[in-house]
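Here are the chains, one letter per residue:
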Amino acid sequence: MKKLRVAVVGVGNIGNIHAQVYEKRPDVEIVAVCDIIPERSDRAAERYRCQGFYSVKEMLASGLQIDAASMCTAGVENGGDHYTPTMELLEAGIPVLGEKPISNNLDCAREMVALAKKKNLRYGINLNHRFTPAALRAKEWVESGRLGEINMINMTMWINNPNETSPWFHIRALHPHSLDVMRYFCGDVEKVQAFFKRGPRADGPDGRRVCWSNVQVNMMFKNGVIGHLRGSYDAGGSYGLENLEVVGSAGRFVLEDACEHLHFYPRTSRQSEHYDYLGGMMSFNETFGARIGKWVEQNLAGDPPEAIDASGEDALHVQTVIEAIIRSWETGEVVKVEQ
């Protein structure tokens, strides 16, 4: 069996999740781990029985054969440290699966996507919420016309996250996921109108949080679909993780918690359909295996870069929408999304 020789760059919590998925696959061999914190790299190298490095440059200079890399650094707004190691890997001709957000800086995101295109390399992002059997079933309904003409989409995604790194940490770090799911079903976004609210925090300035931890966004898609995004870092728990509703002229579906429950409601009948844990996927944590597995399969199959599911270009589109959302709140205007 041919094995994909992979490296994992950044072996904190998310990097270890990537490594654990790779470790369980018979078609993958972890050949290297890399982290700027030496103890992390050393621990991971011992755990995954591979070579450990403290920089991407050191890893590349070793001459080790690497077929693909997971790039799992974090940084400001969970995306500030992605640019340099990604560019180094791409310059070396190595396909990259990056973590979201692709970057918290739009210019950096554009450079990474442009370099991958120039080098004709596969470049994906871990936008894992679309990689569920339930989402795939719903996508089939949309593409087959079962819902009729799509008119509306509503998305809620929220988690209890007390972290504070910047005013825009919530929208930039969490909502690449929600906006990717919305694009997955309804295409590119044309205009946005956003409203934010800071949640309470006893030790924060004026008793409020630093980051804009609650958001509501009105959206107009290029194909005429209208939509709404609702998100929070002050929710979650018993509220669940996310809820997606797509409404068409002939029917609607509701997808709960990424993979757990899918419902179809025909417009002219009460004979609804309900599916629980399609494909045996029981919880959100299993989406990592599905997404990373797709990345492995596409690399082993030699798929062209433009065929990559949840590509760097997809992530760039999402981040462009996020920056338009920020501008809308700052200006009080409806903002056209730049492409």
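Residues numbered from 1 in each chain as written. Predicted model: local features only at pLDDT ≥ 70, side-chain atom pairs only at ≥ 80, totals over all residues. Heavy atoms only, no water.

Visitor: Go over the pairing of strand E10 (residues 226-232) with me, naming the residues and quoting the values.
Guide: Note: strand E7 (residues 150-158) against E10, seven bridges, orientation parallel. By the bridge assignment for E10, Met155 is matched with Leu229. In this antiparallel pair of consecutive strands, strand E9 (residues 214-221) and E10, the connection spans four residues, and Gly224 shows a positive phi of 95°. (Pairing = 2+ DSSP bridges. Helix = DSSP H or I, 4+ residues; strand = E, 2+ residues; numbered from the N terminus.)

Visitor: Describe in detail the side chain of Arg291, supporting the description with residues and values.
Guide: Tracing the sequence through the fold places Arg291 in helix H8 (residues 287-300). The buried charged residue Arg291 lacks any salt bridge, with Asp309 as its nearest oppositely charged partner at 6.3 Å. From its side chain, Arg291 meets the backbone oxygen of Asp309 in a polar contact 2.6 Å long. Those residues in contact with Arg291 that lie beyond four places of it in its chain are Leu97, Gly124, Ile125, Asn126, Leu127, Asn128, Phe131, Asp309 and Ala310. (Buried < 20%, exposed > 50% of the residue type's maximum accessible area, 1.4 Å probe, protein only. Lys, Arg positive; Asp, Glu negative; His and termini not counted. Salt bridge = Lys/Arg side-chain N within 4 Å of Asp/Glu carboxyl O. Polar contact = N/O pair within 3.5 Å; in protein donor to acceptor, adjacent residues only side chain to side chain. Contact = heavy atoms within 4.5 Å.)

Visitor: How would you sum up the pattern of salt bridges? Please name residues and give values.
Guide: For the coordinates displayed, the defined rule picks out 22 salt bridges. Between Arg5 and Glu29 there is a salt bridge, and its shortest N-O distance comes to 3.6 Å. With a gap of 24 residues between them, Arg5 in strand E1 (residues 4-9) and Glu29 in strand E2 (residues 28-34) connect regions that are remote in the sequence. A salt bridge links Arg130 to Asp314; its shortest N-O distance comes to 3.7 Å. Of the two residues, Arg130 is situated in the loop between strand E6 (123-125) and helix H6 (133-143) and Asp314 in helix H9 (residues 312-331); the sequence distance between them amounts to 184 residues. Residue classification places Arg130 among the buried residues on the basis of a relative accessible area of 8%. The buried category is assigned to Asp314, whose relative accessible area is 18%. Through salt bridges with shared partners, a single ionic network connects Arg130, Asp180, Arg183, Asp188, Asp309 and Asp314.

Visitor: Can you explain the sheet that holds strand E12 (residues 251-256)? Please cite residues and give values.
Guide: The nine strands are arranged E14-E13-E12-E11-E7-E10-E9-E8-E15 in an open sheet whose pairing can be described as mixed. Edge strands, defined here as strands with exactly one partner in the open sheet, are strand E14 (273-276) and strand E15 (335-336). As defined by bridge partners, strand E8 (residues 189-197) adjoins E9 across eight bridges and the pair is classed as antiparallel. Note on E9: the bridge partner recorded for Lys191 is Met220. Each of E7, E12, strand E13 (261-266) and E14 is contacted by H6, which is oriented at about 20° to E13, the strand it contacts most. Against the sheet, helix H7 (residues 169-186) engages E7, E8, E9, E10, strand E11 (242-248) and E12, with an angle of about 155° to E7. (Axes fitted to C-alpha atoms, helices over the stretch in contact; angles between N-to-C directions.)

Visitor: So what's going on with unusual backbone geometry? Residues and values would help.
Guide: For the bond from Lys100 to Pro101, the omega torsion is -10°, close enough to zero to count as cis. Here Pro101 lies in the loop between strand E5 (96-98) and helix H5 (106-119). Despite not being glycine, Asn120 has its phi angle at roughly 55°, a positive value. Positive phi values are uncommon outside glycine, yet Asp257 reaches one of about 50°.

Visitor: Could you give an account of the nonpolar core, with specific residues and numbers?
Guide: Grouped together as the largest cluster of nonpolar side chains are 49 residues, with contacts concentrated most on Phe185, Val192 and Phe253. With residues near it in sequence (within four places) discarded, Val192 still touches Val217, Asn218, Met219, Val321, Ala324, Ile325, Ser328, Glu333, Val334, Val335 and Val337. (Core = buried A, V, L, I, M, F, W, Y, C linked by side-chain atoms within 4.5 Å.)

Visitor: Go over H9 with me, naming the residues and quoting the values.
Guide: Look at H9: 29 Å from first C-alpha to last across 20 residues, which is about the 28 Å you get at 1.5 Å a residue. The buried fraction of H9 is high, at 15 of 20 residues. Immediately beyond the C-terminal end of H9, within one or two residues, lies Gly332, with a positive phi of roughly 75°. (Expected span 1.5 Å × (residues − 1).)

Visitor: Lay out the environment of Asp27 in plain terms, naming residues and giving numbers.
Guide: Among the structural elements, Asp27 can be located in the loop between helix H1 (13-24) and E2. For Asp27, a relative accessible area of 12% puts it in the buried group. In the structure, Asp27 is positioned 270 residues away from Glu297 in sequence and 8.9 Å away in space, judged by C-alpha atoms. When residues no more than four places from it in sequence are discounted, the contact partners of Asp27 are Met1, Lys2, Lys3, Leu4, Val296 and Leu300.

Visitor: Give me the lowdown on the packing of aromatic side chains, citing residues and values where you can.
Guide: Pairs of aromatic rings are described using the distance from one ring centre to the other and the angle between the two planes. The final tally for this structure, using the stated rule, is 12 aromatic pairs. For the ring pair Tyr184 and Phe185, a centre distance of 5.0 Å and an interplane angle of 75° mean the geometry is edge-to-face. Across the pair, exposure class does not vary: Tyr184 and Phe185 are buried alike. Through pairs of rings, three or more aromatic residues link up here, namely Trp141, Tyr184, Phe185, Phe253, Phe264 and Tyr275. Above the face of the Tyr184 ring, Lys139 is positioned so that its terminal group lies 4.4 Å from the ring centre. If you follow Arg146 out to its NZ or CZ, it ends over the ring of Phe264, 3.9 Å from the centre. (Phe/Tyr/Trp six-rings, centres within 6.5 Å; stacked < 30°, edge-to-face > 60°. Lys NZ or Arg CZ within 6 Å of the ring centre and 35° of its normal.)

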